[in-house]
Amino acid sequence: MQENHRIQVDLGAKVQLMTATQLKSKFPWLDTDGIALGSYGLENEGWFDPWSLLSAFKRKAASLGVQYISGEVVGFGFEKIHDHSLAETGEVLEKPKEVLIKMDDDKIYPLQFAICVNAAGPNAGNVAKMIGIGTHPTHSILSQALPVEARKRYVYMFNAPRGPGLDCPLVIDPTNVYFRREGVAGNYLCGASPHPSEEPEPLNLDVDYEYFDKYIWPTLAERVPHFEELKLRGAWAGYYDYNTFDQNAIIGLHPIHLNVCFANGFSGHGIQQAAAVGRAVMECVLDGMYKTIDLERFGFQRIIDGVPVRERNIV
């Protein structure tokens, strides 16, 4: 935590490390048993509605001439580049040139492209396989799949009239349980990522309420005693586009399919990083390089090289 704090301060973040005594003084409702340090954001902290932000981006893009097509990607069309063969196998390179889209009328329509950006969220790994990424039996690069899959996560909403109220920031417990205030009527949102051995099957979006009762509620009540009296009001589930390699973004062009750009694997942080990633992808597409922030270390090459880029203390 101290190392992360130094990095954040060096980059201009207004954050403060607080001892257990300082935390208890500022947040009397917090049980600080077992806590040595906490990091508290002093400025530019908060939360927003992801759907509202996405809708705003979409409306703005549409106003600038972007066309949205609602359909299912079922495959890709390719063209052989006869003057370009794969170095390891001598095979002629097959370059993706069109995406095949199944529409509501059950017909499949081809849509040609110059550059394809894979921003398919939890389905990104499957879309990459349709392009041939990760399907070659022997080639050292084309045999490497995009390591992104769907992981199901739950968000629970509860009411606690005697809870912290307006004095409640986003709190992340060392157990990985998080909670924050939702509105001003005593409601709170909470959740936690499960242990890898307890990952739920992502076959549907059914909510596991037993997970809340057995794991999340006891942690909440231990950290905030008044949460012992909470009443669960609702819950929902969604998918992370989970990068199984290092739980970090995979951004940029594929090293062989140079007209395929990745924007995948955000593992739960996509909405926080979306605006910056949009700019980065734009620079990749239009300029062939990053200009604002160099994100080469987050490229697909690190997957091939087996060099993870990990972040500590994340939810």
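Colleague: Mind showing me how you'd approach the overall build of the protein chain here?
Modeller: The number of helices and strands found in the protein chain is 7 helices and 13 strands. By residue count, 38% of the 315 residues in the protein chain fall in the buried class. As displayed, the protein chain offers around 18,500 Å² of accessible surface, 53% of which is attributable to carbon and sulfur atoms. Separation of charge centres in the protein chain, based on 29 positive and 39 negative side chains, amounts to 4 Å.

Colleague: Help me out: how do you make sense of helix 4 (residues 124–131) in this one?
Modeller: In an α-helix, one turn spans 3.6 residues, which is why side chains three or four residues apart end up on the same side. Where helix 4 is concerned, the buried positions are Ala-124, Gly-125, Val-127, Ala-128 and Ile-131. One face of helix 4 carries all of its buried residues, which in axial projection span an arc of 160 degrees. Gly-132 lies just past helix 4 and shows a positive phi near 100 degrees.

Colleague: Before we go on, may I ask you to explain the side chain of Asp-241 in this structure?
Modeller: Along the polypeptide, Asp-241 turns up in strand 11 (residues 231–243). The side chain of Asp-241 sits in the buried core without any salt bridge; Arg-153 is the nearest counter-charge, 10 Å away. Here the side chain of Asp-241 touches Gly-265 through a polar contact of 3.0 Å, landing on its backbone nitrogen. Apart from residues no more than four positions distant in its own chain, Asp-241 is found in contact with Gly-121, Pro-122, Val-148, Glu-149, Asn-264, Gly-265, Phe-266, Ser-267 and Gly-268.

Colleague: I would appreciate a short explanation of the nonpolar core in the present structure.
Modeller: Note that soluble globular proteins tend to have their nonpolar side chains buried in a common cluster. The biggest cluster of nonpolar side chains holds 25 residues, and the ones touching the most others in it are Trp-29, Phe-158, Phe-179, Cys-190, Ile-216, Leu-220 and Phe-227. The element best represented in this core is helix 5 (residues 209–223), accounting for 4 residues. Beyond its immediate sequence surroundings of up to four residues, Trp-29 is in contact with Pro-164, Asp-167, Cys-168, Pro-169, Val-171, Phe-179, Arg-223, Val-224 and Pro-225. Core analysis: the next-biggest nonpolar cluster, separate from the first, contains 17 residues, Val-127, Ile-133, Val-260 and Ile-303 among them.

Colleague: What exactly am I supposed to notice about the sheet that holds strand 9 (residues 178–182) here?
Modeller: Within a sheet, each strand pairs with its neighbour through backbone hydrogen bonds, oriented either parallel or antiparallel. Taken in spatial order, the 5 strands of this open sheet run 8-9-10-7-11, and their pairing is antiparallel. Where the open sheet ends on each side, the last strands, each with one partner, are strand 8 (171–172) and strand 11. In this structure, strand 7 (residues 148–159) lies alongside strand 11, joined through 12 bridges in antiparallel fashion. Of the residues in strand 11, the one forming a bridge with Met-157 is Gly-234.

Colleague: Would you mind going over the sheet that holds strand 6 (residues 116–118) with me for this structure?
Modeller: Here 3 strands make up an open sheet; going across it, the order is 6-13-12 and the pairing mixed. Across the chains shown, the open sheet's two edge strands, defined by having one partner strand only, are strand 6 and strand 12 (250–253). If you compare each strand with its neighbour and ignore which way they point, the axes differ by 15 degrees on average. Of the strand pairs in this sheet, strand 6 and strand 13 (residues 260–264) are connected by 3 bridges, and their pairing is parallel. Bridging across to strand 13, Val-117 finds its partner in Cys-261. Helix-sheet contacts for helix 6 (residues 270–287) involve strand 6, strand 12 and strand 13, and the interaxial angle to strand 13 is about 170 degrees.

Colleague: Is there a simple way to explain the pairing of strand 12 in this structure?
Modeller: Within a regular strand, side chains alternate between the sheet's two faces. Pairing of strand 12 with strand 13 involves 4 bridges; the strand directions are antiparallel. Bridge assignment links Leu-253 to a residue of strand 13, and that residue is Cys-261. Count of turn residues in the strand 12/strand 13 antiparallel hairpin: 6 residues.

Colleague: I'm lost on the environment of Gly-65 in this one. Help?
Modeller: Among the structural elements, Gly-65 can be located in the loop between helix 3 (50–63) and strand 3 (72–85). We classify Gly-65 as exposed; its relative accessible area is 55%. Taking the C-alpha atoms as reference points, Gly-65 and Gly-252, 187 residues apart in sequence, are found 24 Å from one another.

Colleague: When you look at the pattern of salt bridges in this model, what are you seeing that I'm missing?
Modeller: When the charged atoms of two side chains with opposite charge come close together, those side chains can pair. Applying the stated rule across the entire model yields 10 salt bridges. The shortest N-O distance in the salt bridge between Glu-149 and Arg-151 comes to 2.8 Å. Accessibility expressed as a relative area gives 35% for Glu-149, which makes it partly exposed. A relative accessible area of 16% means that Arg-151 is categorised as buried. A salt bridge links Arg-153 to Glu-199, with the shortest nitrogen-to-oxygen separation between them at 2.9 Å. Of this pair, Arg-153 sits in strand 7 while Glu-199 sits in the loop between strand 10 (187–191) and helix 5, and the two are 46 residues apart along the sequence. Under the relative-accessibility criterion, Arg-153 is labelled buried at 9%.

How each quantity is defined
- Residues numbered from 1 in each chain as written.
- Predicted model: local features only at pLDDT ≥ 70, side-chain atom pairs only at ≥ 80, totals over all residues.
- Heavy atoms only, no water.
- Helix = DSSP H or I, 4+ residues; strand = E, 2+ residues; numbered from the N terminus.
- Buried < 20%, exposed > 50% of the residue type's maximum accessible area, 1.4 Å probe, protein only.
- Areas by Shrake-Rupley, 256 points an atom, 1.4 Å probe, with all protein chains shown as cover.
- Lys, Arg positive; Asp, Glu negative; His and termini not counted.
- Charge placed at Lys NZ, Arg CZ, Asp CG, Glu CD.
- Arc of directions from axis to C-beta.
- Salt bridge = Lys/Arg side-chain N within 4 Å of Asp/Glu carboxyl O.
- Polar contact = N/O pair within 3.5 Å; in protein donor to acceptor, adjacent residues only side chain to side chain.
- Contact = heavy atoms within 4.5 Å.
- Core = buried A, V, L, I, M, F, W, Y, C linked by side-chain atoms within 4.5 Å.
- Pairing = 2+ DSSP bridges.
- Axes fitted to C-alpha atoms, helices over the stretch in contact; angles between N-to-C directions.

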